[in-house]
Amino acid sequence: MLSDRPTKLVPPVLARMAAWCLCLILVGVVVYFFVQVIARLSFVALPLAIALLLTALLFPLTRSLRRAGMRSIWATWITMIAALAVLSGTGWLVGARATEEFPNLVKQVQATVADVQEWLTTGPLHLQQTQITDYVNEVVTLIDAQRTAITGTVLTAGAVAFEVLASIVLMLFVTFFLLKDGDRIWAWFLKGFGRMSPRVDRAGRAAWATLSHYVQGSVIVAAVHGVVMGIVLAGMGVPLWAPLAVLIFFASFIPIVGIFFAGTVATLVTLGAKGIVYALIFIGILIVEQQLENHVLQPLIVGRALRFHPLAIILVLAVGGILAGIAGAVVAVPVAAVIYRALPELRSDPPALPPPPPPPHEGVSAGPPGGEEPSGAGDRESGAAGRAGADTE
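Here's a quick rundown of the structure.

Conventions we followed
- Residues numbered from 1 in each chain as written.
- Predicted model: local features only at pLDDT ≥ 70, side-chain atom pairs only at ≥ 80, totals over all residues.
- Heavy atoms only, no water.
- Axes fitted to C-alpha atoms, helices over the stretch in contact; angles between N-to-C directions.
- Helix = DSSP H or I, 4+ residues; strand = E, 2+ residues; numbered from the N terminus.
- Parallel < 35°, antiparallel > 145°, perpendicular 65-115°, else oblique.
- Left-handed = near helix turned anticlockwise from the far one by under 90°.
- Contact = heavy atoms within 4.5 Å.
- Phe/Tyr/Trp six-rings, centres within 6.5 Å; stacked < 30°, edge-to-face > 60°.
- Lys NZ or Arg CZ within 6 Å of the ring centre and 35° of its normal.
- Expected span 1.5 Å × (residues − 1).
- Buried < 20%, exposed > 50% of the residue type's maximum accessible area, 1.4 Å probe, protein only.
- Core = buried A, V, L, I, M, F, W, Y, C linked by side-chain atoms within 4.5 Å.
- Patch = residues over 30% accessible without salt bridge, like charges linked within 9 Å, V, L, I, M, F, W, Y side chains within 5 Å.
- Areas by Shrake-Rupley, 256 points an atom, 1.4 Å probe, with all protein chains shown as cover.
- Salt bridge = Lys/Arg side-chain N within 4 Å of Asp/Glu carboxyl O.

## Structural notes on the packing of helix 8 (residues 197-236) against helix 9 (residues 241-251)
Piece 1. Running from amino to carboxyl end, helix 8 crosses helix 9 at an angle of 155°, the nearest separation of the two axes being 8 Å. Considering their axes alone, helix 8 and helix 9 lie roughly antiparallel with respect to each other. The interaxial crossing formed by helix 8 with helix 9 has right-handed handedness. Judged by residue contacts, V219, A222, A223, H225, G226, M229, G230, L233 and A234 of helix 8 engage W241, L244, A245, I248 and F249 from helix 9.

Below you can see the structure in the form of structure tokens.
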């Protein structure tokens with residue numbers, strides 16, 4: 001009776017809430033330490049995450065080459081070489097266009113600054129030239145004050161260059177072996193779960209299907225976005241349109257935030273090179289194209305794999321950005337989508353197996369084709385078996 005007394009003093013609702021709170025605290029502690037381990041192992045975790053995204057993007061080509069009869073090793077090598085060729089060609093195009101058009105951009109920006117200064121002195125503001133000079137000097141002073149911090153950032157970036165190179169090499173190795181031996185690696189991984197392996201297998205396959213569809217759809221949407229805005233910038237005669245198109249392409253992988261950043265950079269370049277009228281036109285086209293992407297391309301291509309509310313996407317991006325910066329914001333949404341699709345498969349029971357086909361002697365009449373009863377059949381069978389046979393008939 002004494003042991004039941006504290007329980008009786010606590011309302012059942014409060015007891016259930018306390019149990020739930022205890023479970024949530026334990027889960028929070030486990031998640032916290034898991035995040036800390038991932039943060040300490042970011043040198044390995046980040047290349048592995050990028051390698052998984054690249055594998056999901058490139059595996060359809062490898063699978064097609066295998067189905068065509070090519071050996072796995074050669075299909076993997078061709079896929080990797082094709083991907084590197086595309087990246088190298090894009091980098092060469094961007095570098096060549098930037099080298100060619102950057103001097104012209106500087107001249108156009110200088111001309112735009114002169115026009116702005118003239119408008120400030122002769123326009124409705126009627127500013128004095130001395131006031132404009134003071135504003136410019138304040139900006140220059142602010143930049144000089146931040147020079148030490150900028151120099152320190154450059155030195156820090158130079159110090160981690162070796163780590164970045166090592167991460168790229170690790171990412172390429174992981175991508176290569178996932179493309180070549182992904183099925184065997186998954187089979188080896190499942191052996192450690194014993195009786196839980198069917199559930200883990202279903203969850204893993206659902207997660208992989210979601211990740212593949214999300215990555216491939218995101219690449220298609222980002223490519224359309226980059227090509228359209230690149231054509232718009234080139235049609236306006238904006239310098240550095242090719243680098244800006246590539247920037248818009250890569251920024252499209254960060255939902256909501258990425259396109260805002262890339263659009264701001266492209267708008268500033270357009271403003272400095274062509275003036276405020278072209279900048280406003282570019283902003284209008286960018287908004288219209290972004291709305292078409294959000295309401296047409298995204299639901300048709302990526303909507304089946306990712307059905308998150310915009311508020312959920314913003315929260316996921318915020319958490320990923322706080323934990324791992326830009327890289328965390330890039331991988332936050334696909335990670336959340338994978339977890340959201342894998343958990344139901346991990347918790348659900350395995351699907352019921354279809355009934356086995358009946359033996360040849362079942363499913364037919366008890367007597368032979370001639371109508372004679374089989375002799376001694378009822379004597380050899382038990383009563384339960386006889387009743388089962390009667391139910392079958």
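Further notes follow.
## Here's the deal with the packing of aromatic side chains
Piece 1. Taken as a whole and judged by the stated rule, the model has six aromatic pairs.
Piece 2. A ring pair is formed by F176 and F177, whose centres lie 5.4 Å apart and whose planes are at 90°; its orientation type is edge-to-face.
Piece 3. Positioned over the ring face of Y278 is K274, at 5.4 Å from the centre of the ring.

## Side note on helix 10 (residues 257-274)
Along an α-helix, a turn takes 3.6 residues, which lines up residues three or four apart on a common side.
Piece 1. The end-to-end C-alpha separation of helix 10 is 26 Å, in line with the 26 Å expected for 18 residues at 1.5 Å each.
Piece 2. For helix 10, the complete set of buried residues consists of G258, I259, A262, G263, A266, T267, V269, T270, G272 and A273.
Piece 3. Looking at the residues trailing helix 10, positive phi occurs at G275, about 105°.

## Here we look at the nonpolar core
Piece 1. Core analysis: the largest hydrophobic core is formed by 15 residues, its most contacted members being L53, L211, V215, L317 and V333.
Piece 2. Taken together, the elements giving at least two residues each to this core come down to helix 3 (42-67), helix 8 and helix 12 (310-347).
Piece 3. Considering every element that reaches this core, the biggest residue donor is helix 12, with seven residues.
Piece 4. When residues no more than four places from it in sequence are discounted, the contact partners of L211 are L52, L53, A56, P334 and V338.
Piece 5. Core analysis: the second largest hydrophobic core is formed by 14 residues, I248, I259, A262 and L286 among them.

## Concerning the side chain of S167
Piece 1. Here S167 is to be found in helix 7 (residues 161-190).
Piece 2. Discounting chain neighbours no more than four positions away, the residues touching S167 are F43 and P47.

## Side note on a nonpolar patch on the surface
Piece 1. Together, L268, L271, I276, V277, Y278, L280, I281, I283, I285 and I287 make up an exposed nonpolar region whose accessible area comes to about 890 Å².
Piece 2. Elements represented by at least two residues in the nonpolar patch include exactly helix 10 and helix 11 (276-302).
Piece 3. It is helix 11 that contributes the most residues to the nonpolar patch, eight residues altogether.
Piece 4. The topology assignment puts I281 in helix 11.
Piece 5. Of the residues examined, I281 reaches a relative accessible area of 42% and is grouped as partly exposed.

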